[in-house]
Structures are given as C-alpha cells and as structure tokens.
There are 2 protein chains.
Amino acid sequence: MKIIVQKYGGTSVANISKIKKIASNIKSLKKDKLNLVIVVSAMAGETDKLLNLINSISKIPNGKEYDNIISTGERVSSSLLAMALMEININAITLGPEKINILTTNTHMKATIQSVDTKEIKKFLKKDYVVIIPGFQGINNNRDVTTLGRGGSDLSAVAIAGAINAEKCELLKDDVDGIYTTDPSLYKRAKKINYISYQEMLEMSSLGSKVLQSKAVELANKLDIKLNVRSTFNLEKKGTIVMNEKEIPTKEKKIVSGITHDLKQAKISIIGIKDTPGIASKIFKPIGEAGIVVDMIVQNISTQGETDLTFTVPKEDVNKTVKILKENKSKLTYSDLIKDEKIALISIVGAGMKIYTGVATRMFTALAKAKINITMISTSEIKISCVINKSACKKAIKGLHREFNLG
Amino acid sequence: MKIIVQKYGGTSVANISKIKKIASNIKSLKKDKLNLVIVVSAMAGETDKLLNLINSISKIPNGKEYDNIISTGERVSSSLLAMALMEININAITLGPEKINILTTNTHMKATIQSVDTKEIKKFLKKDYVVIIPGFQGINNNRDVTTLGRGGSDLSAVAIAGAINAEKCELLKDDVDGIYTTDPSLYKRAKKINYISYQEMLEMSSLGSKVLQSKAVELANKLDIKLNVRSTFNLEKKGTIVMNEKEIPTKEKKIVSGITHDLKQAKISIIGIKDTPGIASKIFKPIGEAGIVVDMIVQNISTQGETDLTFTVPKEDVNKTVKILKENKSKLTYSDLIKDEKIALISIVGAGMKIYTGVATRMFTALAKAKINITMISTSEIKISCVINKSACKKAIKGLHREFNLG
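A. Looking closely at the overall build of chain A. Scanning chain A from terminus to terminus reveals 13 helices and 20 strands. In terms of C-alpha radius of gyration, chain A reaches 24 Å, essentially the compact-globule figure of 22 Å for 407 residues. Taken along the three principal axes of its C-alpha coordinates, chain A extends 80 × 50 × 35 Å. A burial count over chain A gives 46% of its 407 residues as buried. A separation threshold of at least 6 residues defines the contact pool for chain A, and within that pool the share at least 24 residues apart is 74%.

B. Inspection of the environment of A:Asp144 at higher detail. Residues and elements named next belong to chain A. Within the fold, Asp144 resides in the loop between strand 7 (137-139) and strand 8 (145-147). Since 21 C-beta atoms lie within 10 Å of it, Asp144 is described here as buried. Spatially, the C-alpha atoms of Asp144 and His108 are 9.3 Å apart, while their sequence positions differ by 36 residues. Excluding residues within four positions of it along the chain, Asp144 makes contact with Lys64 and Ile139.

C. Focus on the packing of helix 4 (residues 72-87) of chain A against helix 4 (residues 72-87) of chain B. Running from N to C, helix 4 of chain A and helix 4 of chain B cross one another at 175 degrees; their axes reach a closest spacing of 10 Å. Relative to helix 4 of chain B, the element helix 4 of chain A lies roughly antiparallel. Where helix 4 of chain A abuts helix 4 of chain B, its residues A:Thr72, A:Arg75 and A:Val76 lie against B:Thr72, B:Arg75 and B:Val76. Its residues placed into classes, the contact of helix 4 of chain A with helix 4 of chain B shows two nonpolar, two polar and two charged.

D. Just helix 4 of chain B, in detail. Residue and element names in this part refer to chain B. A rise of 1.5 Å per residue sets the reference length of helix 4, with its 16 residues, at 22 Å; its end C-alpha atoms lie 23 Å apart and thus fit the reference within 8%. Buried residues dominate helix 4, accounting for 15 of its 16 residues. Remark: Asn89 follows helix 4 within two positions and exhibits a positive phi of approximately 65 degrees.

E. Summary view of the interface of chain B and chain A. At the junction of the two partners, chain B supplies 24 residues and chain A supplies 24 residues. When residues of the side of chain B that touches chain A are traced back to their parent elements, those giving at least two are helix 2 (46-55), helix 3 (63-70) and helix 4 of chain B. It is helix 4 of chain B that provides the largest number of residues to the side of chain B that touches chain A, a total of 10 residues.

F. Region of interest: the sheet that holds strand 19 (residues 374-380) of chain A. All names here are of chain A. One open sheet holds the four strands; their spatial order is 13-18-20-19, and the pairing between them is antiparallel. Each having just a single partner strand, strand 13 (258-262) and strand 19 make up the two edges of the open sheet. The mean inter-strand angle of the sheet, taken between neighbouring strand axes irrespective of direction, is 20 degrees. Where strand 13 lies against strand 18 (residues 343-349), five bridges are found, and the strand directions are antiparallel. Counterpart to Ile259 in the pairing with strand 18 is Ile348. Docked against the sheet, helix 12 (residues 359-369) engages strand 18, strand 19 and strand 20 (383-389), running at close to 20 degrees with respect to strand 20. Across the sheet, helix 13 (residues 393-403) touches strand 13, strand 18 and strand 20, and the angle it forms with strand 13 is around 170 degrees.

G. Quick peek at the relation of the copies chain B and chain A. Mapping chain B onto chain A leaves a residual RMSD of 0.1 Å; the transformation is a rotation of 180 degrees accompanied by 0.1 Å of translation along its axis. As the rotation angle and translation indicate, the two copies are arranged about a two-fold axis. Across chain B, the rotation axis passes nearest the C-alpha of B:Thr72, at a separation of 2.9 Å. The fraction of interface residues of chain B whose copies in chain A are also interface residues reaches 100%, indicating that both copies meet through the same surface.

H. Local environment of the sheet that holds strand 14 (residues 265-274) of chain B. Residue and element names in this part refer to chain B. Ordered in space as 15-16-14-17, the four strands form an open sheet in which the pairing is antiparallel. Only two strands of the sheet have a single partner each, and these edge strands are strand 15 (297-299) and strand 17 (336-340). Here the strands of the sheet are splayed against their neighbours by 15 degrees on average, with no regard to which way each runs. Where strand 14 lies against strand 16 (residues 306-314), eight bridges are found, and the strand directions are antiparallel. Counted as the bridge partner of Ser269 is Thr310 from strand 16.

I. Structural detail: unusual backbone geometry. All names here are of chain A. Unusually for a residue other than glycine, Asn165 sits at a positive phi of about 60 degrees. Relative to the elements of secondary structure, Asn165 occurs in the loop between helix 6 (152-163) and strand 9 (168-173). C-beta crowding within 10 Å serves as the criterion here: with 12 such atoms nearby, Asn165 is assigned to the exposed category.

J. How the structure looks around the pairing of strand 1 (residues 3-8) of chain A. Residue and element names in this part refer to chain A. Of all six residues that make up strand 1, five are buried, and the element is covered over most of its length. Looking at chain direction, strand 1 and strand 2 (residues 35-40) are connected through six bridges and run parallel. Paired with Lys7 across the bridge in strand 2 is Val39. Regarding topology, helix 1 (residues 16-31) serves as the crossover connection from strand 1 to the parallel strand 2, and that connection is right-handed. Relative to strand 9, strand 1 is paired through five bridges, and the arrangement is parallel. Within strand 9, the residue paired with Ile4 across the bridge is Lys168.

Analysis parameters
Residues numbered from 1 in each chain as written. Chains lettered and ligands numbered in written order. Predicted model: local features only at pLDDT ≥ 70, side-chain atom pairs only at ≥ 80, totals over all residues. Helix = DSSP H or I, 4+ residues; strand = E, 2+ residues; numbered from the N terminus. Rg over C-alpha atoms; globule rule 2.2 N^0.38 Å. Buried ≥ 20, exposed ≤ 12 C-beta atoms within 10 Å, placed from the backbone. Contact = placed C-beta atoms within 7 Å. Axes fitted to C-alpha atoms, helices over the stretch in contact; angles between N-to-C directions. Parallel < 35°, antiparallel > 145°, perpendicular 65-115°, else oblique. Nonpolar A, V, L, I, M, F, W, Y, C, P; charged D, E, K, R; others polar. Expected span 1.5 Å × (residues − 1). Pairing = 2+ DSSP bridges. Least-squares fit on C-alpha atoms with pLDDT ≥ 70 in both. Right-handed = clockwise from strand over helix to strand, strands pointing away.

Below you can see the structure in the form of structure tokens.
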C-alpha cells in the first residue's frame, strides 16, 4: 500500500476558505488513487489565543491541564477539514491520538513520540477514506493528552510516516514554498534549494531558519524518511527535499548550501579575568543553573596571567546574565564587563565542508572584502559561524551568497 | 462520603476573572471539608464560535466530527478552572468523559447518558482533590466523543450526581439567581420561587423558561436528586430547590407556582374544512413529515359538515407549513387559511391544580378583567395555556401574577 503523509501548517488552515481549498486539492490527489494520511496544525492564531488564556491564570501551568487546553486547536481544524472533504464527496475521518495510540513520553508540553499504532489508519485507508490526524499531540501511559512542543505537528507527521512506512512525507506551508539559501526577506536573490541533507537542515533549523522543527528533522533522519517542504497552494512547485546526503544527486551537491543569520543573540565579554584552572567552570556554572543557554564561547590568549572571555546568550537573558556575573564578582575577580546586544550571528552551512578545504578562509575573505569586522568565530563539521555587527548583517549575507555561488 | 456536585454555566466562566472568582469561592467551600465535583460549560460565546465555523463548511455536518469540534470548549474551560484552583493551592484535576467513562447512546449531537464510572472521581476526592469534569459530553461504544444537545452540561451534572450518590446538585448561574414566578424582565414584581416540583419545572422549561434543560430535570426526577439553582457570584442567596413535590414544605406549596410565556409560536387557522373522519390526520401527516412540531390544536364545533381548525407551530416554520397546506389544498378542500404570527402563549403552572378546582376559571376571569381576548385554550394536569394577542402579554402576566398571589 503506497501511502503519502501530508502535513498542513497553521497558516494553511487559517480560515474556512483555505480549508475548503485544501479539501479540493486533496480531492484532485484522490483521482490518482493515492492513500492519504493528513496531519493538521491548529488554525493560525488559535494556539496563541489559548496560550494567552493560560498565561493570564498561571505563570507555571500544570502540564496535564496545559496540554488538555492547548491540544484542542488541532482537534477543531482536523474535524473541519474532514467535514470539508465530506462536503465534496470524499470519505474522510479524523483519528485522534487516543484512537491510534500515539504514545509519548510523560513530559507534558514537550513530549516525544514513542510509538504509533497504524491498525485503525490502515483500516480506513483500505476503505478509501482520507485519514486526518490532529498534529502536535499524543497520549502518555496514563492516557492523558500530551503535546510535543511548538512546531510539533511536523514531528507528528514524520512519526506517523515512519510508523506506516509512507512513500513520502510532505510538509505543506502557506508562507514559504521550500528551504531557501538564505532569508529572501533580507536578500532577494535567495534561491530555493532543491535538495538538502538532514544534517544541513538541522544546522539551518538550529540557527534560526524556522521552517522545520529540529526534532522532526532528527526523527526523519533516524527513520530515513524523505521530507518534501512545499507550498500548500502552489502545487506545481516542487519545493525542497530533505534527505540522506548520500542520495542527493551529485550535480545538486554544493560546498555551501545555505546562509543563516540569528539576530536574537547578545554578546558578553569579561575583561581581565585571572586565568586559573577552573575559572571557566566558575563563570558558567551559575549561568547554567539559572537556565540560560550559552551558545558560542571564545577565550583570548592569556597575557600576564589575565585573559578576556567572550560568549553569547539569548538577548532576553543578557541582563540576568550580567546580574549573575556581578553577584559573583568577588569570586571571579575580573576588571570589567562589556555587553553588546547589537550583534548578528551569521553562519554558512554545507555538507561539502567535510571534503573541501579552505571554506573558512573563503568566508573570512568575503567578509573582509565587504569591510565587515568579525568579533567571534565558531566552527563545527558542516557549519562556520561568525559574530559581526548587526548593521552589517545584510551586507554579509550578500557577500557570502556571491562567494559561494548560491544565486 | 458526602459529595456536592456543582455545575457552572457558560456565563459563569465567560472570562478569566470570573474563573478566578469561582476558584476562590470553591476554596472557601473546601474550608468546610466538602467533597466537590465541578461540572463546567464552555466559556460563553465559544460554542457559538465553533458552530459558526462548522456551519460555514457544512449544512448537515457529520455527527462524529461535529461533536469532536463542539466538545472542545468545555475541555478548555475545565482545565482553566483546574489551573486557577492550583494557583491558590487547591488540588484540582480534570477528568474527561473518556477517563470516567461517561457512556452515552450513539446519537451524535443529542446523545443521552447511560452510565458514569465513578471510580476515578472517588479516587481523587479521597486524595482531597477538587474533581472538574467538562460538561455537555460523553463517549459512545466506539469511544468517540458525543455531545448532549444544547444546555447538556445540566444533564452531565445530574447524571454524575446520580452516579456518585451526591448530597445535592447545585446549578450555578451568573444571569439568574433562581427560578422566578415569571420573567422578571417582563414583570418586575416577579418573585423568586423557593421550592418547585420536578413536574412544575418541566412544564416551565418546556414553555420557554430557559433556566434548566428539560432532560436534566427529567433525569433528576427519575433519580430523585435535589437540584439547587442559585447565583454563582451571590452565594448568600439560597436560590430555588427543584425537588419531589411530596417533600416540599406545605407552607411553600402554592396552587400556581409560576407563569410562563412563549412568543416564538405562530397560529394557523384552516377555515371551512370538510369535517370527515381522518381529516386531522390528513392535515398533520405532511406537516409532521416535514419535521415541524405542532403544539396546540383546537377544532371548532362542526356546522353543516364544515369546521375550522386552528393550531400553533414555531414561528420559523409558519411559512413552510402554509406552503404544505396549499400544496395539499385539493385533498383537504378548505375555504381559507389564516396565519397569525403576533401571538403569545401564556401558561400558568402549578401542582396545586391537581387538587384545587376552579383554577382555570380564575385564569379566564383574570384575563377577561384585563380585557384580554383568549383565542385558544389547552390544559394538562398541572398547566393551563392560553393563546392571546402578543401585545397583551405583559398585561396578562401582571393580571395572573396578582390573581394567584405570586408577588
């Protein structure tokens, strides 16, 4: 049985006319005798509306009750789509997480899917039904509803595609028609990528390219399920395929696949700190304990027993971090603290870096040519990131896009 | 274990500040070590919002999907109340219909509760939790969500109170603080009734007094559960107790308990119809088949083999009814059709009518004194209804209220 799993995001089902349009698209697909399993997000804005209600009651809401509330949006949108299909004479049924046993871990609000029972899904597919599943949710051991964290419908789609051994998993978006070499709103020559590897996609996701949920990409990688990110309402566009690097056609392979930027980080420098063993641990322990995620860390060469140390934290945590460092000043003995919130983290991502040398040099030279000063550098296997001044972000994207022939 | 079931209606949980107020009231009750089971409706307006979504997709929606959508409002409000309780350090948990097996018939959109499993409820009450249950819904044999029809949360509360053998079942309302002798918005001397029998309440409900769902009153009668209709936010007011007639204190018993009016009916007269056996059946068969509910029927004395027949139907169905009668004119052979949409159906309800005679005469005399013409009369064991001109409705209520000393 050839099965396609399609997932429609919140903006794709934002209103009744869009839901009817999707139903009509699905009807066209049914002409080709396709077996379709549809995963839907909540109508755009619904989840935020529910979150507002919750937040106005509780700052630290109970997980079970939170999930019971926040999961209702997808129930509504999935049944509306089922009704829209029935209106145009397509058999359709919703199967909730309790019906197909989408078993998850017990961690409410950010559960992970452990298994999906496909028996009911297959039963209805055999009867020529379109099966519709509310995304973003499962049930735990206690049969309470759990949710999978923001963007969790992507994860639902991949897990279901894996469990049912689907041909492919299509992630349909209203606002984008694929993965781009860089943010088209910042650089209009950004180009749609045809193929990208799971690892590259993961680096792009974690670096602020919000098209796919990271957990979903990780699971697709683990289960080796091809993801097709494409446009909901422009079905003639092929979109981007996220897949195993080895299977990407050679002529589609690039040294650098994309350029991402992140404007949500801030930089803190600790000046003139005593360079003694264990000093880094003394600095970062209280910060970590406060739940603050430190990303890049750079330490300068020590001169006369003193050194400077620079790191980045999310902008929203910068004041809390400075406060923690000041409270610990006597233990840390530094001479000054400098914070900089006007930074951009700019990264190039590409599986080709594993093979080709000199990629970093090309990046630094391109930024130098554009007269952009680099204040921090960090590298991983398929990614090079630089911290630059926020005002130079667009210029940097343009220069790097040209340097690596992404246009 | 002494248990109280409380049900809060939609206007009582209409916004966050009301939900917090209810939580605070519940906290006060917990000081008296009460075991509380709370049934909640959806936040006012939510169910209509969901209905609008459904109606804009389908005129005859699929029952399973309809119920899946329309039941989400109560899930949200129940979990919000649970959170509000936890915020003020009261243990609370929601138990959905799937958790306590609120088994219903399979008729989606208007299911009837068959049984409730109280094991989980009792488990949490013993641990000193406030148990909160979303009203208006259950599950069927197939474990699909079903709903109980408009006002169904009353029915949920009564069924749960019955299953758990509750001390009493309180129905808390934001807009009214009990059952009144007549509509206070039409007659300001209307008085709150302290005690009313199930039968009287049923007649009042069916006659347009929309305070309680009829099915809920019937079930309370069957299970002999005292209902206390009272104000959500004026807890010092005792409200109205709906109970077995025999247990109502004698000094509280009245010949007539209340006066109701219904402005949603229209009257149709068929003039000069041949008075032959089977004629009534010929008239009402096609009307019934069109799903139109005929309420009162009056047939005049036959003269010269011809008669006039008058009946009432809901105003929204009057044109459809006339159309049906015109289509059947050849079979029915009448001379004229007269419709009148400007009528009021005014009724007095009272268990005392079973014992005392002359009640009807007192009603007719009171209306005559007020110079109100009666065009139709219908009586039942504890009710007398008259059709009058709509414009005389207020005057009629006033006259009857005085006649039966309800003020």
